[in-house]
Amino acid sequence: SLLMASKGTHALSLKIIAECSTTKARTCKMKLPHYVVDTPVFMPVGTQGTLKGLLPQQLEELDCKIMLGNTYHLGHRYICIGKSWRSTQDSGGFQMVSLLKLAEITEEGVKFESPHDRSEMMLTPEKSIEIQNSIGADIIMQLDDVVHSCVTGPRVEEAMYRTIRWLDRCIAAHKRPHDQCIFPIVQGGLYPDLRKKCAEELIKRDVPGFAIGGLSGGEEKSQFWKMVTISTDILPKEKPRYLMGVGFAIDLVVCVALGCDMFDCVYPTRTAKDIYAKDFRPIDENCKCSTCQQYTRAYLHTVVQTETVACQLVTVHNVAYQLDLMRSIQQSIVEDRFPEFIRRFFNKQFPNKD
Ligand code: GUN
Ligand code: ZN
């Protein structure tokens, strides 16, 4: 078919370094136009080219090589967020639906009302790609039709098929395939047949990697894992699999076992952990990050109420924790002891449970 006609080379190559012998986990070197990333990788969510409140220097310190930027389109001007290199760019529609709550979705695109002057705006697949092409991130995302994971009925099927149609419009509009990788997104809610159908359609397209979307919206864990499994069973081993919006430590460990390579989540930059006023330990005694080396929980508690500094400090810790976790996972896969890593991890997270 036309879709499969030109199997070109992509601006991304994935080299599998080691595979777990009992799960679908693997560790890879993912070569992007501007960086080589070791996977599995966690991508913190950045704004304006850095993580919330962090100085570029603090980012360097964390050794964070890849992060997620968002595409916003407000008030007829673009607020383009994201650094042109070492980042992944989300398509914008998801943020509109999830944050603005003003979205109406039509076949043309995501329509919404300006929060400023109530004028109507439309983000089409073509416009989303145009914005992402102009920002220039290494990985860009198709515009997808996202429904909350708790929605049931015909709307889920409509959104899945529309996501495929929008993918083809995004691919046609993409002007920089030589140096920007476009990822389609598997949708289909919690319906196994729809997920399967969607993944099977997407793999017919010649794209450099795939994302799994529409999950982690509060659905049952068993359903969440099932949808991830169905998707990774179909998506090709040779290409990276990016599970969108997933980033709690437990979910990272499980979904690596299910074959996912990339993750993002706003949680470590948005949530300041529970900190206690009279707790003079660092957040984490085992952590080597600059926050844990220098500050007690009590100190952070006193500054957290007034100072954005505390937010930065806690963000440094949270992101350092996530990145460390991923490095430990990578190492355990290389040494083929990932199942043991999972056992220990769960024992630590859930002490006194069988
Ligand atoms: N972030 C988390 N989930 C999703 C999704 O399904 N689509 C997009 N575009 N971004 C996401
Ligand atoms: Zn720390």
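Here, the structure is the one placed above.
Residues numbered from 1 in each chain as written. Chains lettered and ligands numbered in written order. Predicted model: local features only at pLDDT ≥ 70, side-chain atom pairs only at ≥ 80, totals over all residues. Heavy atoms only, no water.

Enquirer: Got a minute to help me understand the coordination of the zinc ion (ligand 2) in this structure?
Expert: Metal coordination angles have textbook ideals: 109.5 degrees for a tetrahedral set of four donors and 90 or 180 degrees for an octahedral set of six. On the protein side, the zinc ion (ligand 2) has Cys 287 (SG), Cys 289 (SG), Cys 292 (SG) and His 317 (ND1) as donor atoms, found 2.1 to 2.5 Å from it. Around the zinc ion (ligand 2), the 4 donor atoms are arranged such that angles at the metal cover 97 to 125 degrees; this shape is classified as tetrahedral. Read from N- to C-terminus, the donor residues coordinating the zinc ion (ligand 2) fall into the pattern C-x1-C-x2-C-x24-H. Take Cys 289 and Cys 292: they sit in the same class, and that class is buried. (Donors = N, O, S within 2.8 Å, 3.2 Å for Na, K, Ca; no water. Tetrahedral: all angles 85-135°; square planar, octahedral: opposite > 155°, others 65-115°. Buried < 20%, exposed > 50% of the residue type's maximum accessible area, 1.4 Å probe, protein only.)

Enquirer: How do you make sense of the packing of helix 6 (residues 192-202) against helix 7 (residues 221-234) when you look at a structure like this?
Expert: Packed helices, taken two at a time, are described by the angle between their axes plus the distance between the axes. Packing of helix 6 against helix 7 leaves a shortest axis separation of 9 Å and a crossing angle of 25 degrees. Judged by the inter-axis angle, helix 6 sits roughly parallel to helix 7. Like other packed secondary-structure pairs, helix 6 and helix 7 cross with a definite hand, here right-handed. Contacts from Pro 192, Arg 195, Lys 196, Ala 199 and Glu 200 of helix 6 reach helix 7 at Lys 226, Met 227, Ile 230, Ser 231 and Ile 234. Within the contact of helix 6 with helix 7, the residues separate by chemical class into 5 nonpolar, 1 polar and 4 charged. (Axes fitted to C-alpha atoms, helices over the stretch in contact; angles between N-to-C directions. Helix = DSSP H or I, 4+ residues; strand = E, 2+ residues; numbered from the N terminus. Parallel < 35°, antiparallel > 145°, perpendicular 65-115°, else oblique. Left-handed = near helix turned anticlockwise from the far one by under 90°. Contact = heavy atoms within 4.5 Å. Nonpolar A, V, L, I, M, F, W, Y, C, P; charged D, E, K, R; others polar.)

Enquirer: Looking at this structure, I do not really get the pairing of strand 1 (residues 13-19). What am I missing?
Expert: Strand residues, when the strand is regular, have side chains that alternate between the two faces of the sheet. Of the pairings in the sheet, the one linking strand 1 to strand 2 (residues 26-31) comprises 6 bridges and is antiparallel in character. Paired with Ser 13 across the two strands is Lys 31, which belongs to strand 2. Remark: 6 residues form the turn of the hairpin made by strand 1 and strand 2, two consecutive strands paired antiparallel. (Pairing = 2+ DSSP bridges.)

Enquirer: Sorry if this is basic, but what is going on with the sheet that holds strand 3 (residues 36-39) here?
Expert: Hydrogen bonds along the backbone pair up the strands of a sheet, which may run parallel or antiparallel. Overall, antiparallel pairing links the 3 strands, which are arranged 1-2-3 in an open sheet. In this open sheet, the two strands that pair with only one neighbour each are strand 1 and strand 3. Within this sheet the neighbouring strands show an average axis-to-axis angle of 15 degrees, counted without direction. Across 4 bridges, strand 2 lies against strand 3 in antiparallel orientation. Looking across to strand 3, one finds that Cys 28 is bridged to Thr 39.

Enquirer: Just checking my understanding: could you explain the packing of aromatic side chains for this structure?
Expert: Two aromatic rings, taken as a pair, are described by how far apart their centres are and by the angle between their planes. Taken as a whole and judged by the stated rule, the model has 4 aromatic pairs. Pairing Phe 338 with Phe 341 gives two aromatic rings, centres 6.3 Å apart and planes at 15 degrees, and the pair type is stacked. Of this pair, Phe 338 and Phe 341 are both found in helix 13 (residues 338-349), 3 residues apart, which corresponds to roughly one turn of the helix. With respect to class, Phe 338 is no different from Phe 341; both count as buried. Summarising the aromatic geometry, the rings of Phe 341 and Phe 345 are spaced 6.2 Å apart at their centres and angled 15 degrees between planes, so their arrangement reads as stacked. One end of the pair, Phe 341, and the other, Phe 345, are both in helix 13, 4 residues apart, so they sit about a helical turn from each other. Three or more aromatic residues link up through ring pairs in this structure, and these residues are Phe 338, Phe 341, Phe 345, Phe 346 and Phe 350. (Phe/Tyr/Trp six-rings, centres within 6.5 Å; stacked < 30°, edge-to-face > 60°.)

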